[in-house]
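So the chains spell out like this:
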Amino acid sequence: MNLEVLEFLLDNENYIEEMANEAGVDSSASVGIVKLLQANAGDLSILKGKQTYHYEKVIKPLLESVQCAGPIGMIEDDDGNWDTSCINGGIVDDESLYQSYLEEDFKCQICRYDSENMR
């Protein structure tokens, strides 16, 4: 678990609140679980019952499988659907996740490199 991102999320609770609202759960409980995880170095074994549900529905999507926008951002297909322009699987890697949150520019390492070299 990326503890640096966990700390960032606590400092910027709006990410947790938005995800909790989308999941239809109490955002204050989700924030409390993030605090609990941070205090226990990300040890998931301490979670019980509804805490695990909050983790799976709210916290985990903010830490894992975060969508990469790609080197040119999201693109619209012929059917009007928006999709990533990422050529590396579409997921922000753990090493790039903290920087992505800081910059509010969600790109994996490859797409970040490509977008910087396209300028």
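Everything below is about the structure shown above.
Residues numbered from 1 in each chain as written. Predicted model: local features only at pLDDT ≥ 70, side-chain atom pairs only at ≥ 80, totals over all residues. Heavy atoms only, no water.

Undergrad: For this particular structure, what's the right way to read the environment of Ala23?
TA: Examined against the element boundaries, Ala23 turns out to sit in helix H2 (residues 14-23). Residue Ala23 is classed as partly exposed on the basis of its relative accessible area, which comes to 28%. In this structure, the C-alpha to C-alpha distance between Ala23 and Leu6, residues 17 residues apart in sequence, is 19 Å. (Helix = DSSP H or I, 4+ residues; strand = E, 2+ residues; numbered from the N terminus. Buried < 20%, exposed > 50% of the residue type's maximum accessible area, 1.4 Å probe, protein only.)

Undergrad: Would you mind going over the pattern of salt bridges with me for this structure?
TA: Two side chains of opposite charge can pair, provided their charged atoms sit close to one another. Considering all chains together, one arrives at three salt bridges under this definition. Here Glu56 and Lys60 are joined by a salt bridge, their closest N and O atoms 3.6 Å apart. Of this pair, Glu56 and Lys60 both sit in helix H4 (residues 50-63), four residues apart, which is roughly one turn of that helix. For Lys60, a relative accessible area of 27% corresponds to the partly exposed category. With a shortest N-O distance of 2.8 Å, Asp105 and Lys107 are connected by a salt bridge. By relative accessible area, Asp105 is classed as partly exposed at 27%. (Salt bridge = Lys/Arg side-chain N within 4 Å of Asp/Glu carboxyl O.)

Undergrad: How should the packing of helix H1 (residues 3-11) against helix H3 (residues 27-39) be read in this particular structure?
TA: The axes of two packed helices give the description: the angle between them and the distance between them. Following both chains from N to C, one finds H1 and H3 inclined at 145 degrees, their axes separated by 10 Å at the closest point. By crossing handedness, the relation of H1 to H3 is classed as left-handed. When H1 is examined against H3, the residues Leu6, Glu7 and Leu10 are found in contact with a partner set consisting of Val31, Val34, Lys35, Leu37 and Gln38. For the contact of H1 with H3, a count of residues per class yields five nonpolar, one polar and two charged. (Axes fitted to C-alpha atoms, helices over the stretch in contact; angles between N-to-C directions. Left-handed = near helix turned anticlockwise from the far one by under 90°. Contact = heavy atoms within 4.5 Å. Nonpolar A, V, L, I, M, F, W, Y, C, P; charged D, E, K, R; others polar.)

Undergrad: I keep staring at the side chain of Ser30 and nothing clicks. Help me out?
TA: With respect to the secondary-structure elements, Ser30 resides in helix H3. Separated by 2.8 Å, the side chains of Ser30 and His54 make a polar contact. Sequence-distant contacts of Ser30, defined by excluding residues within four places in its chain, comprise Ile16, Ala20, Val25, His54, Val58 and Ile59. (Polar contact = N/O pair within 3.5 Å; in protein donor to acceptor, adjacent residues only side chain to side chain.)

Undergrad: Can you walk me through the side chain of Ser27 in this structure?
TA: In this fold, Ser27 is placed in helix H3. You can call Ser27 buried: its relative accessible area is 19%. Ignoring sequence-local partners within four residues, the contact set of Ser27 consists of Ile16, Glu17 and Ala20.

Undergrad: I'm lost on the layout of surface pockets in this one. Help?
TA: Remark: the empty space left among the atoms is shown by a probe the size of a water molecule rolled over them. The volume enclosed by the largest pocket comes to roughly 220 Å³. As for the largest pocket, its lining consists of Tyr15, Glu18, Met19, Glu22, Pro61, Leu62, Val66, Gln67, Tyr101 and Phe106. Mapped onto the lining of the largest pocket, the elements with two or more residues apiece are H2 and H4. For the lining of the largest pocket, a count of residues per class yields seven nonpolar, one polar and two charged. (1 Å grid on protein atoms, 1.4 Å probe; cavity = no way out; pocket = protein on both sides within 12 Å on 5 of 7 lines; lining within 4 Å. Points joined across faces, edges and corners; volume = space filled by probe spheres on them.)

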